[in-house]
Structure formats: C-alpha cells, structure tokens
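# Report on the structure
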Amino acid sequence: MQREIYFTTLDFLMKAIEAKEAEIEAARAPVSRDRLAAQMTHLQRRLHLEFCYLSAYADGGSETL
C-alpha cells in the first residue's frame, strides 16, 4: 500500500509537470509564460518534497522528514 501511494503520487506530479510544459510552450503572451513558469517551479518543488517524504515512507519508515 505504501509503495502504491508513492508511485501514484509521483506519477500524478510528473504528468502535471508534463502538462504544464506543454501549456508553457503553447502560451503566447509573456505574462502568461511568466505565470506558467512560476507554476512549473511550484510543481517541481512539490515533486521534490513528495519524493523525499514518500520514499522514506515507502521504505517502511514511520518517521516523516
């Protein structure tokens, strides 16, 4: 169950990042691109945090980082 949560969450975040990359490429206005780039940075930070937390959790540790 722990590994399933781990992979499901990481898969969701990776798909969100891929979708955001496509959205950034399709944006024409500079303001939109800046906003989308900021959202991408947020998604990448969240992916990193989730990866750290969930990898510790998936390995059976009950302690959080």
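Here is a short report on the structure shown in this document. The model shown is predicted, which means the values in this text are computed figures rather than measured ones. (Residues numbered from 1 in each chain as written. Predicted model: local features only at pLDDT ≥ 70, side-chain atom pairs only at ≥ 80, totals over all residues. Heavy atoms only, no water.)

### Notes on the overall build of the chain
What counts, and what does not: Per the convention used, a helix needs a DSSP run of H or I reaching at least four residues, while a strand needs a run of E reaching at least two, with both numbered from the N terminus. Buried, partly exposed and exposed residues are distinguished by accessible area as a fraction of the type maximum, computed with a 1.4 Å probe on protein chains only: under 20%, between the cut-offs, and over 50%, respectively. Contact criterion: two residues are considered in contact whenever any of their non-hydrogen atoms come within 4.5 Å of each other. Where accessible areas are quoted, they stem from the Shrake-Rupley method and a 1.4 Å probe; at the residue level, only the protein chains shown are allowed to cover.
Helices and strands together make up the secondary structure of the chain, namely two helices and zero strands. Counting all 65 residues of the chain, 20% fall into the buried class. For the chain, the share of sequence-separated contacts (at least 6 apart) that also reach a separation of at least 24 residues comes to 56%. Just so you have it, the chain exposes about 4900 Å², and 56% of that area is on carbon and sulfur atoms.

### Some remarks on the environment of Phe12
By secondary structure assignment, the location of Phe12 is in helix 1 (residues 2–26). Spatially, the C-alpha atoms of Phe12 and Leu47 are 9.4 Å apart, while their sequence positions differ by 35 residues.

### Quick look at the pattern of salt bridges
Quick reminder of the rule: When a carboxyl oxygen of Asp or Glu lies within 4 Å of a side-chain nitrogen of Lys or Arg, that pair is called a salt bridge.
The tally for this structure, following the rule as stated, stands at three salt bridges. With a shortest N-O distance of 3.4 Å, Asp11 and Lys15 are connected by a salt bridge. One end of the pair, Asp11, and the other, Lys15, are both in helix 1, four residues apart, so they sit about a helical turn from each other. Note on Lys15: relative accessible area 52%, which makes it exposed. Close ionic contact of Glu50 with Arg46 constitutes a salt bridge, the shortest N to O distance being 3.9 Å. One end of the pair is Glu50 and the other is Arg46, both in helix 2 (residues 30–58) and four residues apart, which spans about a single turn. With a relative accessible area of 21%, Glu50 lands in the partly exposed category.

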